[in-house]
Each structure stands twice: as C-alpha cells, then as structure tokens.
Amino acid sequence: QLVQSGAEVKKPGASVKLSCKASGFTFTKYYLHWVRQAPGEGLEWVGIINLSGGATSYAQKFKGRVTMTRDTSTSTVYMELRSLKSEDTAVYYCARKSNAFDIWGQGTKVTVSS
Amino acid sequence: DIQMAQSPSSLSASVGDRVSVTCRASQDISNSLAWYQQTPGKAPRLLLYAASRLPSGVPPRFSGSGSGTEFTLTISSLQPEDYASYYCQQYYSTPETFGQGTKLEIK
C-alpha cells in the first residue's frame, strides 16, 4: 500500500514537500508517479520517479518547480513543489505503476491561499 | 504529448443498463490503455489495463476493447455502486495522459 502525508495549507510563493510511504512490495522494482486533481477537475499527471535508480521525468508545466526524490531505506518517496500558486490547490496522489497505476495513495490535499 | 479524448463527459443511466464510454488517442498507443473508476473523495481505482485486462477483484461486468487509437469501456449491467467518474489513461509514453473523465449518474 501507499500512505501519504497529511493535508497542507500554504501561502502563494511557498514550497510544499509531500511524502508517500510504500509497504507490502519490493520498493526498488517499480516506478512511482504523482498525479494531481484540482477541485472538481480531472486527473493531471505530474511526473515519475524510478524507485531503483532515482531517475525522474516531469510534465513540462512543472519543470523547474517540482522535484521528486526517494529514500530506499524507508521506502518513501517525496515530491516537493515550489513557488506555489493558487492554481496548485489540488489533491495530490502517488501511484505505483505495475499493470498501469495499480496501487494509489489516499491523496494529500494541498491548499494554496493567502 | 499524446492527447486522450474521452466521451461522453456525462451519462445518465438506470440500474441494469448497459453503458459504454469511448476514448480516442491522438496517436497509436497499441494496447497501453487503462481505465479507472473514482468515487467522490476517494483515490482512483484501476478497472482495466492493457485495454481489456481485468485486475483481480474487478467484477466481470466491466470490459474493455480496442487497440491503436480507439478504445471502449463497457459496463454490461449497471449496479448502484458503479455510479462514479471514469477516466481513461494512456501509458504508452510520458507524459502518461488522462482523458477528461466521464461522470456516470443515476437516471
């Protein structure tokens, strides 16, 4: 399973670092993705991290603002999003890719408001 | 980027109805297509992968078809718990894009 960190409230311009802790599977055998969902909207792919080597790839709109890392000793993945804007208000999900995105975290709500 | 066009955006149907949702990819994605179900306040749940394969635990009333650029999700006989939003997703190449979603409502 994937267990995500708790809700965050941030001011515009701030940064947020979310976590996603994995259990029940061999961490380094998979890729993990981050997907977000703004209120009332659809699903938006943010990026991917290879849990073995740590290589990452990000959606163009987030490049320069997002960093994904992993800690293999604790089977935890982190996503940091910087220079937050009100449009970043969303629920952020981590998801394991095996046969498509087969395991999802419960989501972390991030609210950006002054 | 590969664009995914999903239709309809909303659908009203009754319990027991057969319903279908279509997803079109902007380029050939072979069978690298997944469908997800999402209920309000919950994370998406994988319904189908490789266009037509059911993960363990998904009821057989859900089925998928297609390859290349056109795909269909079919629910053979709607149950009350099926009222939800449905999303297609291509995982042929990054960014792994989603369709806009289909909201299935009770008629």
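For the structure itself, look to the data block above.
Residues numbered from 1 in each chain as written. Chains lettered and ligands numbered in written order. Predicted model: local features only at pLDDT ≥ 70, side-chain atom pairs only at ≥ 80, totals over all residues. Heavy atoms only, no water.

All names here are of chain B. The 5 strands lie next to each other as S2-S9-S8-S4-S5, forming an open sheet whose pairing is mixed. With one partner strand each, in any of the chains shown, strand S2 (10–13) and strand S5 (45–48) form the two edges of the open sheet. The sheet shows a mean angle of 30° between the axes of neighbouring strands, direction not considered. (Pairing = 2+ DSSP bridges. Helix = DSSP H or I, 4+ residues; strand = E, 2+ residues; numbered from the N terminus. Axes fitted to C-alpha atoms, helices over the stretch in contact; angles between N-to-C directions.)

A ring pair, where both rings are aromatic, is described by two values, the distance of the centres and the angle of the planes. Tallying each qualifying case throughout the model produces 7 aromatic pairs over all chains. With a centroid separation of 5.5 Å and 80° between ring planes, the pair formed by A:Trp104 and B:Tyr36 is classed as edge-to-face. One end of the pair, A:Trp104, is in strand S10 (residues 100–104); the other, B:Tyr36, is in strand S4 (residues 33–38), on a second chain. Accessibility classification places A:Trp104 together with B:Tyr36 in one group, the buried group. Aromatic side chains B:Tyr36 and B:Phe98 sit 6.1 Å apart centroid to centroid with 55° between the ring planes, which places their arrangement in the tilted category. With B:Tyr36 in strand S4 and B:Phe98 in the loop between strand S8 (85–90) and strand S9 (102–106), the pair connects residues that are 62 residues apart, well separated along the chain. Grouping residues by exposure puts B:Tyr36 and B:Phe98 together as buried. Cluster of aromatic residues (ring-pair linked, three or more members): A:Tyr93, A:Phe101, A:Trp104, B:Tyr36 and B:Phe98. Lying over the aromatic face of A:Tyr78, A:Lys17 brings its terminal NZ or CZ to 5.1 Å of the ring centre. (Phe/Tyr/Trp six-rings, centres within 6.5 Å; stacked < 30°, edge-to-face > 60°. Buried < 20%, exposed > 50% of the residue type's maximum accessible area, 1.4 Å probe, protein only. Lys NZ or Arg CZ within 6 Å of the ring centre and 35° of its normal.)

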